[in-house]
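Here is what each chain is made of, one letter per residue.
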Amino acid sequence: VVGAAGGALVCRPGCVRGWGPCAWRRGSGSTRMTEPIDLARQARVVLCTAPTLEIAETLARGLVEAGLAACVNLWPGVRSVYRWEGALHIDDEVQMVIKTTDAQFTALERHLQSHHPYDTPEILALEVADGSQAYLAWLDRQCQGPREPT
């Protein structure tokens, strides 16, 4: 199904109707649809660097276990050139590419700020223009907060 802007739309996880793109009102007993949900507009890619692979893995695991991120890619070997406290620095870092939702971004940011070893960690949220609807639906399901281990 294609939305007004041309992007494909899907039901939210847990939809029992199975009739295509809809957001059913919960608890009302109504079968009326609210506005369709465009999962791409809710998805975010967050960039964050870490000083070592071990620290990046710890941060990534914490985000995924807390249901704040669906997936975190770790790219070791990134070289960062930046100015900090008036001095030029060139450091090897690990680039974290974090997939999350707009709804979880504030909690994700708080988590990173409280667990990251840097005083001012890189936390940049990028909006997603479009993507695989199956992947976006999976991402949305994963970012619903903590759940029982499988």
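Calculation criteria
Residues numbered from 1 in each chain as written. Predicted model: local features only at pLDDT ≥ 70, side-chain atom pairs only at ≥ 80, totals over all residues. Heavy atoms only, no water. Axes fitted to C-alpha atoms, helices over the stretch in contact; angles between N-to-C directions. Helix = DSSP H or I, 4+ residues; strand = E, 2+ residues; numbered from the N terminus. Left-handed = near helix turned anticlockwise from the far one by under 90°. Contact = heavy atoms within 4.5 Å. Nonpolar A, V, L, I, M, F, W, Y, C, P; charged D, E, K, R; others polar. Phe/Tyr/Trp six-rings, centres within 6.5 Å; stacked < 30°, edge-to-face > 60°. Buried < 20%, exposed > 50% of the residue type's maximum accessible area, 1.4 Å probe, protein only. Arc of directions from axis to C-beta.

**Student:** Which residues make up the packing of helix α2 (residues 53-65) against helix α3 (residues 102-115), and what values go with them?
**Tutor:** Here α2 crosses α3 at 145°, and the two axes come no closer than 11 Å. Our pair here, α2 against α3, has a crossing hand that is right-handed. On the side of α2, the interface is formed by Leu-59, Gly-62 and Leu-63, while α3 contributes Leu-108, His-111, Leu-112 and His-115. Residue composition of the contact of α2 with α3, by class: 4 nonpolar, 3 polar and no charged.

**Student:** Explain the packing of aromatic side chains residue by residue, including any values.
**Tutor:** Scanning the model with the defined rule gives 1 aromatic pair in all. Here Tyr-135 and Trp-138 contribute two aromatic rings whose centre-to-centre distance is 5.4 Å and whose plane-to-plane angle is 45°, an arrangement assigned as tilted. Of this pair, Tyr-135 and Trp-138 both sit in helix α4 (residues 133-142), 3 residues apart, which is roughly one turn of that helix. A relative accessible area of 33% places Tyr-135 in the partly exposed class. Residue Trp-138 is classed as partly exposed on the basis of its relative accessible area of 30%.

**Student:** Mind laying out the environment of Leu-47, listing which residues take part and the relevant values?
**Tutor:** Following the sequence through the fold, Leu-47 ends up in strand β1 (residues 43-50). For Leu-47 and Ala-125, which are 78 residues apart along the polypeptide, the C-alpha to C-alpha distance reads 6.6 Å. Apart from the residues lying within four places of it in its own chain, the contact partners of Leu-47 are Gln-95, Met-96, Val-97, Glu-122, Ile-123, Leu-124 and Leu-126.

**Student:** Requested: an account of α4, with residues and values cited.
**Tutor:** Restricting attention to buried positions, one finds in α4 the residues Gln-133, Leu-136, Ala-137, Leu-139 and Asp-140. Down the axis of α4, the sector holding all buried residues measures 160°, keeping them to one side. Elements that come into contact with the buried residues of α4 comprise α1 (39-42), β1 and β3 (87-101).

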